[in-house]
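Topology and contacts: notes
Each chain, written out:
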Amino acid sequence: MKIKHLLICALSFSLLSCGNDDPPANSDPAQLVVKPEITSLQSDFLIEGETLIIEGNNFINDNFETELVINNQTYSVTPVSNSRISIDITNAMGTESNSVTVKVASKTSDPENFFIVPKGWYQIETDLEILKAFIFDDTNTINVLIDTEPASNRFFGDTRNIEGKNEGYLTTTTSISGKYQNDLKMLNKNTGVSTNPDSGFFTSNLFEEFKTFGSFSADGEFVIESYITHVDENSSIVVNCCGAHIMTNDKGETSASSNASEELFSDDRFRTRAYGRGSDNYFYELGIDIGVRPFTHYIIKSANGFNNWELVDNSIEYNLGTKPYFYDTNLLFTKSTNDELTVSTDLGSTWTVIKSNIQSYFIKDRTNWFIVSENKLYATNDSGQNWNLEIELPAESEVNYMHFSDHKTVLVGKNILFVKHE
């Protein structure tokens, strides 16, 4: 009987001892929650409508909901996993600088900062005089050509990148910054060409590296007014004021040169004013012949845009106004000397006034055009039949350039930088 009593006591003691590892019946489950941890944001710069993806640890607890705190507002979320949360960004969350924390019960992660840009037009504060800018759907970086010389009678062109970061848009330099440049053309977020009056610079990685190609001076040509007429993934063509060309077809490794003016006219009479590619896949260059009075309007074309030029027309009296914009062989634009947007559908033989009192104009495609008039930006989507106000610009604005991708637009000028996300 004593042995049985001892066994019962021992069993009772064992059961009581095992029970000591369990929480007391009245313990608080919130005290057992492990603090959430954010290790990274998949992107810390987002456009309204995009998805904020948060990665980390300890995002799920069976006893409590998971919440996000953004801009002092709390949102209930269902984590994708214990290490991943996603939430769509809306305009109710606020714009520009924000922070996010993950909250489970009373435990809150350390905050992570990010930046929200609203849909529609958004002004970026800048003190740069931006001459050209390029924007693409698959990057938050804007590539710009700027004038770094403050004196109005002097010029020093240079390139910068304006990058979207968690603090907003920040200006950075590249490996080519600091070299005098007078033109820039980006094909996509990585590939582009810059030029000084003498040579071109080809890059395939956003000017982290570049190859110098061609030399007008080495060819005995004028080193003045050099512009980029063509860029693709492997090649580029640059033309100077007077029809001389330099070309690379291997990303700047080698180059070749030619002179359209000498090829057609046996001297440097041709002054290039516009260039583009027609629907017939020929490259066209338009300009004036300064060898006759009055100046006449010349049109030439080439299958490769570099040499073997053909004369298309030389009978039109010069009437191109400001430097024209060649969209196609049946769509040519210019701003007349009377500040009118005029359009030609016959390569400059006749012109039609579309809009008066314009400061500048920009062409997105065949029917979508923009003008600046009285410090306002107007747009048409029906080839100028109707115009709608887009934005009001700062007083006495000097707008230099617009660039368009499928869902983004950038407008730049002197101390002016606007982006539009659609």
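For the structure, check the block above.
We now turn to the structure provided with this report. Quantities reported herein were computed from a predicted structural model and do not represent experimental measurements.

**Describing the pairing of strand β25 (residues 296-302)**
Burial of β25 is extensive: 7 of the 7 residues sit out of reach of the surface. Bridge count between strand β24 (residues 283-289) and β25: 7 bridges; the pairing is antiparallel. Considered in β25, the bridge of Gly287 is made with Tyr298. Where β24 folds back onto β25 in an antiparallel hairpin, the turn is made up of 6 residues.

**Points about the state of the cysteines**
Counting across every chain of the model gives 1 disulfide. With a sulfur-sulfur separation of 2.4 Å, Cys241 is cross-linked through a disulfide to Cys242. Since a negative S-S torsion denotes a left-handed disulfide, the Cys241-Cys242 link at about -65° is left-handed. Both residues of the pair, Cys241 and Cys242, belong to the buried class.

**Observations concerning the pairing of strand β28 (residues 331-335)**
β28 sits mainly inside the fold: 5 of its 5 residues count as buried. Alternating residues of β28 divide into Leu331, Phe333 and Lys335 and Leu332 and Thr334, and every residue in both groups is buried. Bridge count between strand β27 (residues 325-328) and β28: 3 bridges; the pairing is antiparallel. Residue pairing in the sheet places Tyr325 in a bridge with Phe333 of β28. Following β27, the chain reverses through 2 residues before pairing antiparallel with β28. Relative to strand β29 (residues 341-344), β28 runs antiparallel, the two being bridged by 4 bridges. Looking at β29, one finds that Phe333 is bridged to Val343.

**Points about the sheet that holds strand β11 (residues 130-134)**
The 4 strands lie next to each other as β11-β12-β13-β14, forming an open sheet whose pairing is antiparallel. One side of each edge strand has no neighbouring strand; the edge strands of this open sheet are β11 and β14 (168-172). Averaged over all pairs of adjacent strands, the angle between strand axes in this sheet comes to 25°, irrespective of strand direction.

**What about empty space enclosed by the protein?**
Under the criterion given, the structure shown has 1 cavity of 30 Å³ or more. Taken as a whole, the largest cavity encloses approximately 50 Å³ of empty space. Looking at the largest cavity, the residues that line it are Asn143, Val144, Thr159, Arg160, Asn161, Thr174, Leu184, Met186, Leu206 and Phe207. The biggest single contributor to the lining of the largest cavity is strand β13 (residues 157-165), with 3 residues.

**As for the layout of surface pockets**
Taken as a whole, the second largest pocket encloses approximately 150 Å³ of empty space. Grouping the constituent residues of the lining of the second largest pocket by class yields 3 nonpolar, 5 polar and 4 charged.

**Let's talk about the packing of aromatic side chains**
Centre-to-centre distance and the angle between the planes together describe a pair of aromatic rings. Scanning all chains against the criterion turns up 13 aromatic pairs. Seen from their ring centres, Phe265 and Tyr298 are 4.7 Å apart, and the 75° between their planes marks the pair as edge-to-face. Here Tyr298 lies in strand β25 and Phe265 lies in helix α2 (residues 260-265), a separation of 33 residues in the sequence. Assigned by exposure class, Phe265 and Tyr298 land together as buried. These aromatic residues form a ring-pair network of at least three members: Tyr325, Phe333, Tyr361 and Trp369. Lys301 extends its terminal NZ or CZ atom over the ring of Tyr282, reaching a point 4.3 Å from the ring centre. A cation over an aromatic ring shows up here: Lys323 above the ring of Tyr227, its NZ or CZ 3.7 Å from the ring centre.

Cut-offs used in this document
What you see as residue numbers is a count from 1 along each chain, following the sequence as written. Side-chain atom pairs in this predicted model are given and counted only at pLDDT of 80 or more, local residue features only at pLDDT of at least 70, and totals for whole chains, interfaces and linings cover all residues. To get the side-chain values, all heavy atoms of the structure are used, and hydrogens and water are removed first. Only protein chains enter the accessibility calculation, which uses a 1.4 Å probe; a residue is then buried when its area is under 20% of its type maximum, exposed when over 50%, and partly exposed in between. Numbering of helices and strands starts at the N terminus; helices are DSSP runs of H or I of at least 4 residues and strands are runs of E of at least 2. Being paired, for any two strands, means DSSP has found at least two bridges between them. Note on terminology: pairs of cysteine sulfur atoms within 2.5 Å are recorded as disulfides. In this description, a line fitted to the C-alpha atoms serves as the axis of each element, helices being fitted only across the stretch in contact, and the angle between N-to-C directions of two axes falls anywhere from 0 to 180 degrees. Only protein atoms enter the calculation, which uses a 1 Å grid: trapped sets of points that fit a 1.4 Å probe without letting it out are cavities, open sets showing protein on both sides within 12 Å along at least five of seven lines are pockets, and any residue with an atom within 4 Å of a point is a lining residue. Grid points are joined across faces, edges and corners, and a volume is the space filled by probe spheres set on the points. Asp, Glu, Lys and Arg are counted as charged, while Ala, Val, Leu, Ile, Met, Phe, Trp, Tyr, Cys and Pro are counted as nonpolar; the rest, among them Gly, fall into the polar class. When two rings of Phe, Tyr or Trp (its six-membered ring) have centres within 6.5 Å they constitute a pair, described as stacked for plane angles under 30 degrees, edge-to-face for angles over 60, and tilted for the intermediate range. Two thresholds decide whether a charge sits over a ring: the Lys NZ or Arg CZ must be within 6 Å of the ring centre and within 35 degrees of the ring normal.

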